[in-house]
Amino acid sequence: GDSVTQMEGPVTLSEEAFLTINCTYTATGYPSLFWYVQYPGEGLQLLLKATKADDKGSNKGFEATYRKETTSFHLEKGSVQVSDSAVYFCALSDLDSSGTYKYIFGTGTRLKVLA
Amino acid sequence: DTAVSQTPKYLVTQMGNDKSIKCEQNLGHDTMYWYKQDSKKFLKIMFSYNNKELIINETVPNRFSPKSPDKAHLNLHINSLELGDSAVYFCASSQDAFLQRSGNTIYFGEGSWLTVV
């Protein structure tokens, strides 16, 4: 079945450091890929998405490129801020055998940014 | 405007009790979900409804029963609560689980923190 694997955290960075959170996936179909962010005490919010190969999703300085050849969707940001401290979830949406689009979430990566 | 709202946000209750969590979405979406997030932040789908019909029912104890009176509401009833039920429960919605629609983004509520003592 489909799965999403993302790097284990926590990831601790100093402010203005470069961020990469790795995400790879396996899928039987042609999935859409997502990054969601969860700030402390809140629900998950969509950060960015990409629906086809070579698409780049971007938002709030974060970027991720849909790489079909390496089945990856790594999240990057050039200069992190303390306010980026949160848990980041990689996810995919793919058609399953019942004819519905099912979401699969990774286990989440906690990011802590120090001032 | 809150797109997906769920109540209560915090719930502390004793083992053996029965409790409900309510969820409403004002996005006009056809599909709604319940997810459970454990203390390690792992997110697991429990149920999904499309236009009031159950479409996803993962391996969940039958003490958990979802009810969808209309496509804008999906409530979760939990009977005979156990310590292991302590978690954060998220309600969510998406436009239509049967159509990809440019990625079919899921919108989450803010969560209901359930503590069973």
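These lines cover the structure that appears in this document, whether it is placed above or below. Being a predicted model, the structure only gives us computed values, none of them experimental. (Residues numbered from 1 in each chain as written. Chains lettered and ligands numbered in written order. Predicted model: local features only at pLDDT ≥ 70, side-chain atom pairs only at ≥ 80, totals over all residues. Heavy atoms only, no water.)

### Observations regarding the overall build of chain A
So, step 1. Each helix and strand counted, chain A has zero helices and twelve strands in total.
So, step 2. Listing every helix and strand of chain A by position from the N terminus yields β-β-β-β-β-β-β-β-β-β-β-β.
So, step 3. For 115 residues, the compact-globule estimate of 2.2 N^0.38 gives 13 Å, and chain A sits close to it at 14 Å.
So, step 4. Its C-alpha atoms give chain A principal-axis dimensions of roughly 45 × 30 × 20 Å.
So, step 5. Residues counted as buried form 44% of the 115 residues belonging to chain A.
So, step 6. Put simply, of all contacts in chain A between residues at least 6 apart along the chain, 55% involve residues at least 24 apart. (Helix = DSSP H or I, 4+ residues; strand = E, 2+ residues; numbered from the N terminus. Rg over C-alpha atoms; globule rule 2.2 N^0.38 Å. Buried < 20%, exposed > 50% of the residue type's maximum accessible area, 1.4 Å probe, protein only. Contact = heavy atoms within 4.5 Å.)

### Section: the packing of aromatic side chains
So, step 1. Going through the model one piece at a time under the given rule, you end up with 17 aromatic pairs over all chains.
So, step 2. Note on Tyr36(A) and Phe108(B): the rings are 5.8 Å apart at their centroids and 80° apart in plane angle, and the pair reads as edge-to-face. Remark: Phe108(B) occurs in strand E10 (residues 107–108) and Tyr36(A) occurs in strand E5 (residues 32–38); the pair is interchain, linking two chains. Accessibility classification places Tyr36(A) together with Phe108(B) in one group, the buried group. (Phe/Tyr/Trp six-rings, centres within 6.5 Å; stacked < 30°, edge-to-face > 60°.)

### Description of the interface of chain B and chain A
So, step 1. At the interface, 24 residues of chain B touch 23 residues of chain A.
So, step 2. Our enumeration of links across chain B and chain A arrives at one salt bridge.
So, step 3. Glu58(B) is the salt-bridge partner of Lys102(A), the closest N and O atoms lying 2.9 Å from each other.
So, step 4. Counting across the chain B and chain A interface gives five residue pairs in polar contact (both at pLDDT 80 or more). (Salt bridge = Lys/Arg side-chain N within 4 Å of Asp/Glu carboxyl O. Polar contact = N/O pair within 3.5 Å; in protein donor to acceptor, adjacent residues only side chain to side chain.)

Limitation: the analysis is restricted to geometry and does not speak to function.
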